[in-house]
Amino acid sequence: MKVNVQQFLADAGITEPFYPGKRLVQPCRQSGDFKSHCVVLDWRDPERIRIEVKPGLSGKTLAVEQVKQYPVSFQTPTFVEIEVVDTTKSARTEDDEEEGEEGKARGKSGGGSKGQKKGRSLSDISDFMNKAFSDIAEGKIPESGKITEMVVMGMQIAQEAFDKVFDKLTQQINHAKVATTDLLAEAGKFITRYTPPAFLQPKGNEDKVYKYDINKNENIGFTGPSMV
């Protein structure tokens, strides 16, 4: 399923700039003990955005003893993986194609001599990188992405239900309250059940084994864009 990332942020009520290298935590404060949760938007991998619902307000992975005190709906993983469309790469491809066409045209006008593809100069590359960095610094984001995986309460959602579930999740983020059971209701029959974490008892109707890694999305301190 294709999504407009910029439109999603607007519909979800997220006003803080979000760009490659950034990790945002949207708190969802609720009354009562162990009810508050958060939505973590993680773009530290420039090619992928991960939207994850986590117990607590910090966005960090809590210890098992703490997680057990939250409702089961927050004890199992709920997340969406979005593959980012590399518009920069597309622009480079189009430029290369144009340069190739120009080379062919020059070859024909030169009495049949072979046209050579003009390469980028160091100045062109430098200008291109400076422009890309400026876009990131200004909070500009790609126009589109593609949902590659969606899991709600440890159950994988089929592509047929991506649209309905993602729209529902967007609305819930905007209202600062994520109800994962409602998301499953939107998914209907298009789900695959995974085994729960070790501290939860399997129901026996699971379809696949899910490998849990508590450190997979731990906050490692990135708060802005970086260039390696």
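Here is what the cut-offs are and how they apply
Residues numbered from 1 in each chain as written. Predicted model: local features only at pLDDT ≥ 70, side-chain atom pairs only at ≥ 80, totals over all residues. Heavy atoms only, no water. Helix = DSSP H or I, 4+ residues; strand = E, 2+ residues; numbered from the N terminus. Buried < 20%, exposed > 50% of the residue type's maximum accessible area, 1.4 Å probe, protein only. Contact = heavy atoms within 4.5 Å. Areas by Shrake-Rupley, 256 points an atom, 1.4 Å probe, with all protein chains shown as cover. Phe/Tyr/Trp six-rings, centres within 6.5 Å; stacked < 30°, edge-to-face > 60°. Core = buried A, V, L, I, M, F, W, Y, C linked by side-chain atoms within 4.5 Å.

**Quick look at the overall build of the chain**
Here's step 1: When its secondary structure is counted, the chain shows seven helices and eight strands.
Here's step 2: Among the 228 residues that make up the chain, the fraction classed as buried is 37%.
Here's step 3: Long-range pairs, those at least 24 residues apart, make up 62% of the contacts in the chain with a sequence separation of at least 6.
Here's step 4: Put simply, the chain shows about 13,800 Å² of open surface, and 50% of that area lies on carbon and sulfur atoms.

**Structural notes on the packing of aromatic side chains**
Here's step 1: Inspection of every chain in the model, using the stated rule, returns three aromatic pairs.
Here's step 2: Considering the side-chain rings of Phe8 and Phe166, the 5.1 Å spacing of their centres and the 35 degrees angle between planes classify their relative orientation as tilted. In this pair, Phe8 is assigned in helix α1 (residues 5-11) and Phe166 in helix α6 (residues 162-174), connecting sequence segments 158 residues apart.

**Side note on the nonpolar core**
Here's step 1: With 39 residues, the main nonpolar core has Ile51, Ile157 and Phe166 as its most contacted residues.
Here's step 2: At five residues, the largest contribution of residues to this core is made by α6.
Here's step 3: Beyond its immediate sequence surroundings of up to four residues, Ile51 is in contact with Phe8, Val39, Val40, Thr78, Phe79, Val80, Ile82, Phe166 and Ile173.

**A closer look at unusual backbone geometry**
Here's step 1: Located in the positive-phi region is Phe34, a residue other than glycine, with phi close to 55 degrees.
Here's step 2: Phe34 gets classed as partly exposed once you look at its relative accessible area, which sits at 34%.
Here's step 3: Residues other than glycine seldom take positive phi values, yet Ala176 does so here, at roughly 60 degrees.
Here's step 4: Inspection of the secondary structure puts Ala176 in the loop between α6 and α7 (180-187).
Here's step 5: Assessed through its relative accessible area of 28%, Ala176 is described here as partly exposed.

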